[in-house]
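# Analysis of the macromolecular model
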Amino acid sequence: MSKFRVGLGVSGGIAAYKAVEVMRLLQKAACEVSVAMTRHATEFVQPLTFRALTGGHVIVDDYDPANPDPIAHIKFSQEIDLLLIVPATANIIGKFANGIADDFLSSTYLACTAQVMIAPAMNTTMWEQPATQRNIERLRADGVHFVEPVAGELACKTVGTGKLEDVENIVSQAMRLLSEPPASAGGPDVVTDWPAAYAAGSDLSGERFLITVGGTREAIDPVRFISNHSSGKMGFALAAAARDRGAEVTVVAGVTAAEPPKGVRVLRGISAEEMHSAVKGEIERATVFVGAAAVADYAPVNAADAKIKKEGKEQLTLELKKTPDILAEVSRNRTNGLLVVGFAAETSDVVGYARSKMEKKGLDMVVANDITREGAGFNTDTNIATILTRGGEAIDLPMMPKREMADRILDELVKLR
Ligand code: CTP
């Protein structure tokens, strides 16, 4: 039975304990795992834990007299099919990006010819720091793969992006990469005992999706807002489907009732204005933009700073202004083959309105729903839709789960490439 050889690099963060589970899952998937740790990682987990479970020496220091190999970083790095770093701190990412090799793990990276995958975990501010993002960009340009951290409660008790991705997801992404080595890399061509789904279709690999999801909330005063019924289910279903087909997915989420899928980077954009600026910050990296959010078309001109009191007012007039049309702007300013997909929720002449939306906003595809139909629209688990593509025939999709519909939409998207 073929085995993949994975070098698991563990750097010093709270999430280091999760590397033990990653190692177990890799072993279950018939991988041979050897472990390298940074000195700081050993403060969180003992090398003995990995040694007991792998049966191999865990290298922390090249110069350690107990080290069985005098030039371990060369041997270690050249006997693996994948170098997988879990968790990766901002520090180790910085070292890799800048060619610093002052310990075993960073020297291993520099000596490594195998594919490299990095699963970062850190505090949100450290993650968002321009220096960290710059280093990540540089490593991506060098061909390094990332399993992005997700939003959640962090060890420092703040909530934000920086939490290590779910271990199952890290392993599934690693296995997908291993099962599709680049032509020049050689290596085994089958994953023998890993669930088929993990190695299944990756027709979107290399694509970077940016998806707006959910409804926006436009403040009237600190207590009240204008919003809509969007749950985010369709947008999240698309995000999950794109992820499963190999794409890297970032979601800008407004107000949602559904949980974001794992393995997807989630940014928040609660008002139309915030969603607009989050999209502007991300769009340059995207290869596909999907406007699945129900963005409020109008927002109060000035949100009151204090709660509006009803005393002495028999009527209240709210003055509203148009919000930026995110989808139209993305489409207008696009370069380099970005595909742009919009949604149209209509109550009459669905295809007619949707087609005119596609033309007005210059879209490649519109997914149109008649939200008055049973089994379609907001907050349901199913949808009924018509897909319109530029120059193509209208495709009617009968009632089906939103997740299945997401795949049908992506099937049409792939044809546009
Ligand atoms: N959209 C957007 N930004 C806005 C408004 C809408 O990105 N400010 C996107 C939605 O995400 C969706 C599509 O545009 O993909 C919906 O188009 P839109 O013209 O706003 O729909 P309606 O508001 O329903 O249009 P109309 O008022 O013309 O019926």
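Residues numbered from 1 in each chain as written. Predicted model: local features only at pLDDT ≥ 70, side-chain atom pairs only at ≥ 80, totals over all residues. Heavy atoms only, no water.

### Focus: the sheet that holds strand β8 (residues 208-213)
Stated formally: DSSP calls a pair of strands paired once it identifies at least 2 bridges connecting them. Numbering of helices and strands runs from the N terminus; a helix is a DSSP stretch of H or I covering at least four residues, while a strand is a stretch of E covering at least two. Helix axes are fitted to C-alpha atoms over the stretch in contact, other axes to C-alpha atoms as well, and angles between N-to-C directions run from 0 to 180 degrees.
Read across the open sheet, the eight strands follow the order β12-β11-β8-β13-β16-β17-β18-β19; overall the sheet is mixed. Single-partner strands in this sheet number two, and they are β12 (265-268) and β19 (395-401). Neighbour to neighbour, the strand axes of the sheet diverge by 20° on average, direction disregarded. Strand direction decides the pairing type here: strand β11 (residues 248-253) and β12, joined by four bridges, are parallel. The residue of β12 that forms the bridge with V252 is L267.

### Things to note about the side chain of S106
Keep this limit in mind: Pairs of N or O atoms within 3.5 Å make up the polar contacts considered here, provided that, within protein, one atom can donate a hydrogen while the other can accept it, and that residues adjacent in sequence are counted only when both atoms are side-chain atoms. Contact between two residues is taken to exist if any of their heavy atoms lie within 4.5 Å; hydrogens are not considered.
Among the secondary structure elements, S106 is positioned in helix α6 (residues 104-110). There is a polar contact of 3.2 Å between the side chain of S106 and the backbone nitrogen of D102. Each residue touching S106, except ones within four places of it in the same chain, is listed here: K95, F96, I100 and A101.

### Structural notes on the site of the ligand
Note the following rule: Residues are labelled near a given molecule or strand when at least one of their non-hydrogen atoms is within 4 Å of it. For accessible areas, the Shrake-Rupley method is used with a probe of radius 1.4 Å. Any residue's cover is judged against the shown protein chains and nothing else. For this classification, Asp, Glu, Lys and Arg are treated as charged, while Ala, Val, Leu, Ile, Met, Phe, Trp, Tyr, Cys and Pro are nonpolar and the rest, including Gly, are polar.
Near the ligand there are 13 residues, and of these G291, A293, D297, P324 and F343 occur at the shortest range. Interatomic distance of 2.8 Å between a backbone N/O atom of P324 and a nitrogen atom of the ligand. The separation between an oxygen atom of the ligand and a polar side-chain atom of K361 is 3.0 Å. Coverage of the ligand by the protein amounts to 73% of the 580 Å² it exposes when considered alone. Looking at the shell around the ligand, the elements that each hand over two or more residues are α13 (326-332), β16 (339-346) and α14 (350-361). Its residues placed into classes, the shell around the ligand shows six nonpolar, three polar and four charged.

### Describing the environment of E259
With respect to the helices and strands, E259 occurs in the loop between β11 and β12. Between the alpha carbons of E259 and S231 there is a distance of 9.6 Å; along the sequence they are 28 residues apart.

### Points about the domain arrangement of the protein chain
Note the cut-off: Residue ranges assigned to the domains are those given by an automatic or database domain assignment. Buried surface area refers to the total accessible area, computed with a probe of radius 1.4 Å, that the two partners give up upon joining, counted for both partners together. Any Lys or Arg side-chain nitrogen found within 4 Å of a carboxyl oxygen on Asp or Glu counts as a salt bridge.
Splitting the protein chain by domain gives domain 1 (4-198) and domain 2 (208-307 + 314-416). Put simply, the middle of domain 1 and the middle of domain 2, counted by C-alpha atoms, are 35 Å apart. On the side of domain 2, ten residues touch domain 1, which itself brings 13 residues to the contact. Of the roughly 890 Å² buried where domain 1 meets domain 2, counting both sides, 42% is carbon and sulfur surface. Sorting the residues of domain 1 by area buried against domain 2 places R140, E148 and R176 first, and these three jointly supply 37% of that buried surface. Its salt-bridge partner being R285, residue E137 comes within 3.3 Å of it at the nearest N-O pair. Counting every contact that joins domain 1 to domain 2 gives five residue pairs in polar contact (both at pLDDT 80 or more). Broken down by secondary-structure element, the contributors of at least two residues to the side of domain 1 that touches domain 2 are α8 (130-141), β6 (150-153) and α9 (167-179).

### Side note on the packing of aromatic side chains
Selection criterion: Geometry of aromatic contacts follows a simple scheme: Phe, Tyr and Trp rings, the Trp one being its six-membered ring, pair when their centres are within 6.5 Å, and the pair is stacked under 30 degrees between planes, edge-to-face over 60, tilted otherwise. Here's how the labels work: a residue is buried when its accessible area is under 20% of the maximum for its type, exposed when over 50%, partly exposed in between, all with a 1.4 Å probe on protein chains only. Sitting over a ring, as applied to charges here, requires NZ of Lys or CZ of Arg to be within 6 Å of the ring centre and within 35 degrees of the ring normal.
This structure, assessed with the given rule, holds two aromatic pairs. Arranged with centres 5.4 Å apart and planes meeting at 80°, the rings of F76 and F104 form a pair that is edge-to-face. Remark: F104 occurs in helix α6 and F76 occurs in helix α4 (residues 72-78); sequence separation between them is 28 residues. According to the relative accessible area criterion, F104 is buried, its value standing at 1%. With centroids separated by 4.3 Å and ring planes inclined at 10°, the aromatic side chains of F96 and Y109 adopt a geometry described as stacked. Within this pair, whereas F96 is found in helix α5 (residues 90-98), its partner Y109 is found in helix α6, the two being separated by 13 residues in sequence. Take Y109: its relative accessible area is 13%, and that puts it in the buried class. The lysine or arginine in question, R217, covers the ring of F225, its NZ or CZ lying 4.1 Å from the ring centre.

### A look at the sheet that holds strand β1 (residues 4-10)
To summarise the sheet geometry, strands pair through backbone hydrogen bonds and adopt either a parallel or an antiparallel arrangement. One open sheet accounts for five strands, arranged β2-β1-β3-β4-β5; its pairing is parallel. The outermost strands of the open sheet, each flanked by one partner alone, are β2 (31-37) and β5 (145-146). Direction of pairing for strand β3 (residues 82-88) relative to strand β4 (residues 115-120): parallel, over a ladder of five bridges. Bridge pairing in β4 places A88 opposite P120. Along the sheet, helix α3 (residues 47-54) contacts β1 and β2; its crossing angle with β2, the most-contacted strand, is approximately 160°.

### Focus: the pattern of salt bridges
Evaluation of the coordinates by the stated rule reveals 26 salt bridges. Residue D203 is joined to R245 by a salt bridge in which the shortest nitrogen-to-oxygen separation is 2.8 Å. Within this pair, whereas D203 is found in the loop between α10 (196-199) and β8, its partner R245 is found in the loop between α11 (233-244) and β11, the two being separated by 42 residues in sequence. Classification of D203 as partly exposed rests on a relative accessible area of 43%. For R390, the salt bridge is made with D364, and the minimal N-O distance between the two is 3.5 Å. With R390 in the loop between β18 (382-389) and β19 and D364 in the loop between α14 and β17 (365-370), this residue pair connects regions lying 26 residues apart in the sequence. R390 gets classed as exposed once you look at its relative accessible area, which sits at 51%. Residue D364 is classed as buried on the basis of its relative accessible area of 12%. A network of salt bridges, in which partner residues are shared, links E137, R140, E148, E248, R265, E282 and R285.

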